[in-house]
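Structural description and commentary
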Amino acid sequence: MADAALWYWPLDTAGGSVNFVMLLNWTVMILYNYFSAMFVGPGYVPLGWTPEKSQDCMYLQYCKVCQSYKAPRSHHCRKCNRCVMKMDHHCPWINNCCGYQNHASFTLFLLLAPLGCIHASFIFIMTMYTQLYNRISFGWSSVKIDMSAAKRDPRPIIPFGLSAFAASLFALGLALGTTIAVGMLFIIQMKVILTNKTSIESWIEEKAKDRIQYYQTGETFIFPYDMGSKWKNFRQVFTWSGIPEGDGLDWPVRDGCHQYSLTIEQLKQKADKRVRSVRYRAIEDYSGVCCPVTKGVKTFFTTPCTEEPRIALSKGDLILATRGLKHWMYGEKILISAADGGIRERGWFPRKCVEKYQHDSETDQPVDGEKKSK
């Protein structure tokens, strides 16, 4: 605001007034959509929810935390501790999930923030240029800049000294960085919106292709919620009323697809993950800290950069590992006793703390009460 007044005083010309009003407009619209995405929230699956037809339960996953079935396109968020309708991701900047109800306001925030920052960057550049131009003097072999006072009449209403110049330069760097970073996020969001997907669903679709190729089943996975038109997909999120279409539980599907086509694919991938997983036994204790100092330098510096939790291990614990890195592994602790209450403990742990567990597949106990796949 100060730089805008210094560069283009809004009370003298129409151009200055338009510039100042546009800057205020960007600020209000950015903050409105930001707080809408934060406080409106994504919408949650009602606790204890079950589908209308009881036979449809076989197509859905059951959430032990929410004590309800996961509706199509919903996923459980460990941060919110609820099943989120049409969950895209959990955003730490709004301290909430991006999902069914706030997807439009979150995407508008990602669009308006770079546009506002581009305008602000132009103001910063022009302000520093005009202020330096009035303070700079050229000699035969030197260039001098006097930041104490401007060589013009009248003097500026707002003083512009060395500290103001440094603040403007720093703000310019923040504005340009925000434009690039948030602009890239906006492009990613628009790509998934125009195909009527979420980031999670795009990942599920990729895994479906990998599963079909790995097992050579010959089947073809078609994403059921793509309406076949980018405009129709766009209208699923952005409406004139600001309220997204549907109720967040039932969704329109394209011809030839089932209401539970995606959830059936998720169940297949979950079963496939169980088949591919490998059992490990803990040979060292691990406290569950993010960067363990006692597990080696490489383990310390290669800790996974993710919000996924770490799980504490005691010597002798059994873990079902599903994926891993060079020095870290991700898996689920196998809970044997009934006192554990069926709560799943999943997370990362150092690879050097475990060894592959040689076991007899015929006598193994099923994990978390699930039936053992043959």
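Being a predicted model, the structure only gives us computed values, none of them experimental.

This brings us to the overall build of the protein chain. A tally of helices and strands in the protein chain yields eight helices and 13 strands. The 374 residues of the protein chain split such that 41% are buried. Within the protein chain, contacts between residues at least 6 apart in sequence are counted, and of these 63% link residues at least 24 apart. For the protein chain, the exposed surface amounts to about 21600 Å²; the carbon and sulfur share of it is 61%.

This part is about unusual backbone geometry. Here the phi dihedral of Arg73 falls at roughly 75°; this positive angle occurs in a residue that is not glycine. Here Arg73 shows up in the loop between β2 (68–69) and β3 (75–77). Phi is positive for Asn95, close to 55°, though the residue is something other than glycine. In this fold, Asn95 is placed in the loop between β5 (89–91) and β6 (96–98).

On to the pattern of salt bridges. Inspection of every chain in the model, using the stated rule, returns 11 salt bridges. Of the charged contacts in the structure, one is a salt bridge between Lys295 and Glu284, with a shortest N-O distance of 3.2 Å. With Lys295 in the loop between β9 (278–282) and α8 (297–301) and Glu284 in the loop between β9 and α8, the pair connects residues that are 11 residues apart, well separated along the chain. A cluster of three or more residues bridged by salt bridges with shared partners is formed by Arg211, Glu219, Glu265 and Lys268.

The positions UniProt marks with the feature "transmembrane region" (unreviewed entry) are residues 20–45, 108–129 and 157–188. The straight-line gap between the two end C-alpha atoms of residues 20–45 is 44 Å; of that span, 81% is helix and 0% is strand. Measuring from the first to the last C-alpha atom of residues 108–129 gives 32 Å, for a span that is 100% helix and 0% strand.

Counting across every chain of the model gives zero disulfides. Cysteine Cys63 shares no disulfide, and the gap to the nearest cysteine sulfur, in Cys83, comes to 3.6 Å. The class of Cys63 is buried, set by a relative accessible area of 5%. Here Cys77 stays free of any disulfide, with the sulfur of Cys97 as its closest cysteine sulfur at 3.3 Å.

Attention shifts here to the packing of aromatic side chains. Any pair of aromatic rings gets described here by the distance separating the centres and the angle formed by the planes. Tallying each qualifying case throughout the model produces 13 aromatic pairs. Centre to centre, the rings of Tyr34 and Phe35 are 5.2 Å apart; their planes meet at 75°, and the pair counts as edge-to-face. The class for Phe35 is partly exposed, based on a relative accessible area of 38%. Here the aromatic rings of Tyr214 and Tyr215 are separated by 4.8 Å at their centres, their planes lie at 85°, and the arrangement is edge-to-face. For Tyr214, a relative accessible area of 54% gives the class exposed. Relative accessible area serves as the criterion here: at 37%, Tyr215 is assigned to the partly exposed category. Aromatic rings pair up to connect Tyr34, Phe35, Phe39 and Phe109 into one cluster. A cation over a ring is seen here: Lys197 above Phe223, with NZ or CZ 5.5 Å from the ring centre.

The strand order β12-β11-β10-β9-β13 describes an open sheet built from five strands, whose pairing is antiparallel. For this open sheet the edge positions go to β12 (346–350) and β13 (354–356), each flanked by a neighbour on one side alone. Between one strand and the next, the sheet's axes are offset by a mean angle of 45°, whatever the strand orientation. Relative to strand β11 (residues 328–333), strand β10 (residues 318–324) runs antiparallel, the two being bridged by five bridges. Bridge assignment links Leu320 to a residue of β11, and that residue is Glu332.

Before going further, it helps to examine a positive patch on the surface. Residues Arg78, Lys79, Lys207, Lys273 and Arg346 make up a contiguous surface patch of positive charge. Take Arg78: it is sitting in the loop between β3 and β4 (82–84). A residue is classified by how much of its surface remains accessible, and Arg78, at 46% relative accessible area, is partly exposed.

Basis of the calculations
Residues numbered from 1 in each chain as written. Predicted model: local features only at pLDDT ≥ 70, side-chain atom pairs only at ≥ 80, totals over all residues. Heavy atoms only, no water. Helix = DSSP H or I, 4+ residues; strand = E, 2+ residues; numbered from the N terminus. Buried < 20%, exposed > 50% of the residue type's maximum accessible area, 1.4 Å probe, protein only. Contact = heavy atoms within 4.5 Å. Areas by Shrake-Rupley, 256 points an atom, 1.4 Å probe, with all protein chains shown as cover. Salt bridge = Lys/Arg side-chain N within 4 Å of Asp/Glu carboxyl O. UniProt positions renumbered as here; feature names shortened; annotations may be inferred. Disulfide = S-S within 2.5 Å. Phe/Tyr/Trp six-rings, centres within 6.5 Å; stacked < 30°, edge-to-face > 60°. Lys NZ or Arg CZ within 6 Å of the ring centre and 35° of its normal. Pairing = 2+ DSSP bridges. Axes fitted to C-alpha atoms, helices over the stretch in contact; angles between N-to-C directions. Patch = residues over 30% accessible without salt bridge, like charges linked within 9 Å, V, L, I, M, F, W, Y side chains within 5 Å. Lys, Arg positive; Asp, Glu negative; His and termini not counted. Charge placed at Lys NZ, Arg CZ, Asp CG, Glu CD.

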